[in-house]
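# A structural walkthrough
Each chain, letter by letter, is given below.
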Amino acid sequence: MTGAITTRVDLSSDRSDDIVVRVRDLRTAFGDTVIHENLDLDVRRGEIIGLVGGSGTGKSVLLETILGLNTPAAGKVEVLGYDVHDDVGSLAVVSRIGVMFQNGALFSSLTVRENVEAPLLEHTPFPADFICGLAELKIRLAGLADDAGLKKPSELSGGMRKRAGVARAIALDPELLFLDEPTAGLDPIGAAEFDDLVRRLRDALGLTVFMVTHDLDSLYAICDRVAVLADRKVAAIDTIAMLEKSDHPWIKSYFGGPRGRAVQEKTT
């Protein structure tokens, strides 16, 4: 871990205004296949929270449900105090959240700057020259050189495309940033640099970050808490130090296995 100063949230707080994502009694299913049952989850303002789970536990399904992209069979999802599966609620939060999907989901026919400008053009009344300047600022905040804004996504490396995706995700100054496997496909150095970027953006912009990941290094480096999907629900949510003590079979195997022990040794 780096020696950077990091903002930490008060993990003991349970005030309702500190909860920016609240999931209660969630049930998601596709046909007869039940993915989640009686799932509860709270995300606290200002934290970086990681979501982990085995293959098929529905990590991406949960992310999409929180974003309002997937309609649950039962339960309720509130983001920033609004029901995201209500038309009014979804409209109320759309400009207050940013999302970076795993592949960046950039428009291939547009330059990076044009990709970042797209949400600004859609959701703000600012003139074109002001939007251009804002887009260039977001590109720099994401750690890209100025000339990256003039390039198409196909001209960028995988790591640069992810940063471009972050630049677009923070275009509207969101309160919540959702990241889907942000370090997947990156080499260890690139992944560590991306972790540092996420932490710096959280601290500088006051973001709350919800991150779906399988990257143990990322979990140890930047997450305040980790939520574990198992048994069709959030089986545990806590700091890594507490999860390492869990007797749950999957959690014990995940954090206490060879890879988990290797990361523990690096961070102690």
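All residue numbers refer to position in the chain's written sequence, counted from 1. Reporting of local features is limited, given that this is a predicted model, to residues whose pLDDT is at least 70; pairs of side-chain atoms are given and counted only at 80 or more, and all residues count toward the totals for whole chains, interfaces and linings. As a rule here, side-chain values cover all heavy atoms of the structure and leave hydrogens and water aside.

## Quick look at unusual backbone geometry
Defined as follows: Throughout, exposure labels follow a simple rule: accessible area from a 1.4 Å probe, protein chains only, divided by the maximum for the residue type, with under 20% read as buried, over 50% as exposed, and the rest as partly exposed. Only runs of H or I of at least four residues qualify as helices and only runs of E of at least two qualify as strands under DSSP, and these elements are numbered from the N terminus.
Positive phi values are uncommon outside glycine, yet L80 reaches one of about 55°. On the basis of relative accessible area, L80 is assigned to the buried category, the value being 10%. Its identity as a non-glycine residue notwithstanding, E181 has a phi of 45°, on the positive side. Along the polypeptide, E181 turns up in the loop between β7 (176-180) and α6 (188-205).

## Thoughts on the side chain of T213
Inclusion rule: Contacts between residues were defined by any pair of non-hydrogen atoms, one from each residue, lying within 4.5 Å.
Relative to the assigned elements, T213 resides in the loop between β8 (208-212) and α7 (216-222). T213 sits in the buried class, given a relative accessible area of 1%. Leave out the neighbours within four places in its chain, and T213 touches L51, V52, E181, T183 and L219.

## Structural notes on the pattern of salt bridges
Note the following rule: Put simply, a salt bridge is a Lys or Arg side-chain nitrogen that is within 4 Å of an Asp or Glu carboxyl oxygen.
One pass over the structure, following the stated rule, counts 13 salt bridges. Between R140 and D146 there is a salt bridge, with the nearest N and O atoms lying 2.8 Å from each other. What makes R140 partly exposed here is its relative accessible area of 43%. Linked by salt bridges that have partners in common, R45, R96 and E175 make up one network.

## A few points about helix α5 (residues 158-169)
Filter applied, for reference: The span you would expect from a helix comes to 1.5 Å times its residue count less one.
Given a rise of 1.5 Å per residue, twelve residues ought to cover 16 Å, and the 17 Å separating the end C-alpha atoms of α5 matches this to within 8%. K162, R163, A164, G165, V166, A167, R168 and A169 are the residues of α5 that are buried. Structurally, α5 contributes buried residues whose contacts are with β6 (97-100), α3 (112-123), α4 (128-141), β7 and α6.

## Quick look at the pairing of strand β9 (residues 225-230)
Operational definition: Pairing between strands is defined by DSSP: at least two bridges between the two strands are required.
Burial within β9 is extensive, with six of its six residues counted as buried. Residues R225, A227 and L229 point to one face of β9 and V226, V228 and A230 to the other, with burial holding for every one of them. In this structure, β9 lies alongside strand β10 (residues 233-238), joined through five bridges in antiparallel fashion. Looking across to β10, one finds that A227 is bridged to I237. As consecutive antiparallel partners, β9 and β10 are separated by two residues, and within that stretch D231 has a phi angle of approximately 60°, a positive value.

## Details of the packing of aromatic side chains
Inclusion rule: For Phe, Tyr and Trp, where Trp contributes only its six-membered ring, two rings pair if their centres lie within 6.5 Å, and the inter-plane angle classes them as stacked under 30 degrees, edge-to-face over 60, or tilted in between. Placement of a charge over a ring requires the Lys NZ or Arg CZ to be within 6 Å of the ring centre, with the centre-to-atom vector within 35 degrees of the ring normal.
By the definition in use, this model includes five aromatic pairs. Relative to F210, the ring of F178 lies with its centre 5.6 Å away and its plane at 55°, an arrangement referred to as tilted. Of this pair, F178 sits in strand β7 while F210 sits in strand β8, and the two are 32 residues apart along the sequence. Comparing F178 with F210, the two get one shared label, buried. Taking the centre distance of 6.4 Å and the plane angle of 65° together, the rings of Y220 and F255 count as edge-to-face. Here the residue Y220 occupies a position in helix α7, and F255 occupies one in helix α9 (residues 249-256), the gap between them amounting to 35 residues. A relative accessible area of 2% means that F255 is categorised as buried. Taken together, the ring pairs connect Y220, W250, Y254 and F255 into an aromatic cluster. Seen from the ring of F107, R168 lies directly overhead, with NZ or CZ sitting 5.4 Å from the centre.

## Brief notes about the sheet that holds strand β4 (residues 74-79)
The condition that has to hold: The angle between two axes is taken between their N-to-C directions and runs from 0 to 180 degrees, where each axis is a line fitted to C-alpha atoms and a helix contributes only its stretch in contact.
Pairing in this open sheet of four strands is antiparallel, and the strands run β2-β1-β4-β5 from one edge to the other. Strands with a single pairing partner mark the edges of an open sheet, and in this sheet they are β2 (33-44) and β5 (82-83). In this structure, strand β1 (residues 19-30) lies alongside β2, joined through eight bridges in antiparallel fashion. In the strand pairing of β2, T28 is matched with H36. Docked against the sheet, helix α1 (residues 59-66) engages β1, β2 and β4, running at close to 120° with respect to β1.

In short, shape yes, function no, at least from these values alone.
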